[in-house]
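What the coordinates show
This is what each chain is made of:
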Amino acid sequence: MFFRPDDLVLRGAAGRPPVTVRWLGTAGFEITCEDHVVLLDPYVTRASLTRCITSPLAPDLGAIGRYISRADAVIVGHTHFDHALDVPAIAKRTGARVFGSRSAAALCHAAGVPEARVDMVERAPGQTPIVRELGPFRLRFVPSAHSRFALGRVPFPGDIDDCDAVPVRAEGYRCGAVFRVEIEVAGRTIVHLGSAELLPDEPAPRHVDLLLLCVAGWRSGVDLPERVMRAVSPAAVLLSHWDDFFRPLHAPVRALPAVGLGPLAERLTRASRDVRVGALPLLGDLFL
Ligand SMILES: [Zn+2]
């Protein structure tokens, strides 16, 4: 299932600056180009299941120090704890700008991230998505959807609109608005789907080199693999959010129960014969 390192160069990069995509576990990625670093849904605290159930969640500053060296931007695809918990602490430590929903802005505000560094990019479906430029990166925040994997429902739905203080418990991290993030950098196009669902009427870029696809919950949407391939038609798919994120990053990776990596990869490949589908080891790099 894992790409081998020499399989990971997706295109000849002659004359173009290299782009590195590192998987941080869950839907978390670090994308680096020309000294600029963009983080997507970074969640390195990986609190144990017991902690998630029994107590308010706080970011693990030691883990953040170990795994996040720098960032210019932090993008929050939605505000469940396994996407958003670490974001304010990372923003404060690195000085990065945060891009996300009203809920993400509320979390940052409660945690003391300076307002000037929080960019609320939420728009209703059908409205023109917000675009931001940052160094070599062009970021587009397209309204998307969350998978309904909790007995046919989105877990912890609604917004975080009144969060006077953090930490809050896991269920306080309500979903908020969900984004599909489109990233253009040095001639490549990368799309991040942090939850295994999408909206039907939001057109994708014409050519997508790499789709960063959340696996957890993919079976809860009808024909998700086929819909994703029709809507995004990427040249390659990197599967993410299939790992057991109640285990720390330094522990050997283990898949979530019944996550169905193999069947998903098969369906994606059947939907588009030319697509390359794979996954990285925890903290593994892919070079574009
Ligand atoms: Zn979620």
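Everything below is about the structure shown above.
Below, the structure is looked at part by part.

What counts and what doesn't
- Residues numbered from 1 in each chain as written.
- Predicted model: local features only at pLDDT ≥ 70, side-chain atom pairs only at ≥ 80, totals over all residues.
- Heavy atoms only, no water.
- Pairing = 2+ DSSP bridges.
- Helix = DSSP H or I, 4+ residues; strand = E, 2+ residues; numbered from the N terminus.
- Core = buried A, V, L, I, M, F, W, Y, C linked by side-chain atoms within 4.5 Å.
- Buried < 20%, exposed > 50% of the residue type's maximum accessible area, 1.4 Å probe, protein only.
- Contact = heavy atoms within 4.5 Å.
- Polar contact = N/O pair within 3.5 Å; in protein donor to acceptor, adjacent residues only side chain to side chain.
- Right-handed = clockwise from strand over helix to strand, strands pointing away.

Attention shifts here to the pairing of strand β7 (residues 130-134). Sheet topology places β7 next to strand β8 (residues 137-144); 5 bridges connect them, and they run antiparallel. Looking at the pairing, V131 lines up with R140 of β8. Between β7 and β8, which pair antiparallel one after the other, the connecting turn spans 2 residues, and G135 there sits at a positive phi close to 55 degrees.

Now for the nonpolar core. Formed by 93 residues in total, the largest nonpolar core has its most connected members in V21, I183, I190, L210, V237 and L239. Not counting the four nearest positions on each side in its chain, I183 is found in contact with I31, L40, F137, R138, L139, R188, T189 and I190.

Let's shift gears to the side chain of E182. When you line up the elements, E182 lands in strand β9 (residues 178-185). Judged by its relative accessible area of 6%, E182 is buried. Polar contacts involving the side chain of E182 include one to the side chain of R180, which spans 2.6 Å.

Once that is clear, we can look at the pairing of strand β11 (residues 208-214). The element β11 is extensively covered by neighbouring structure, given that 7 of its 7 residues are classed as buried. As judged from the 6 bridges shared by β11 and strand β12 (residues 234-240), these two strands associate in the parallel manner. Across the sheet, residue L212 finds its bridge partner in β12, namely L238. Handedness of the β11-helix α6 (residues 224-232)-β12 crossover: right-handed.

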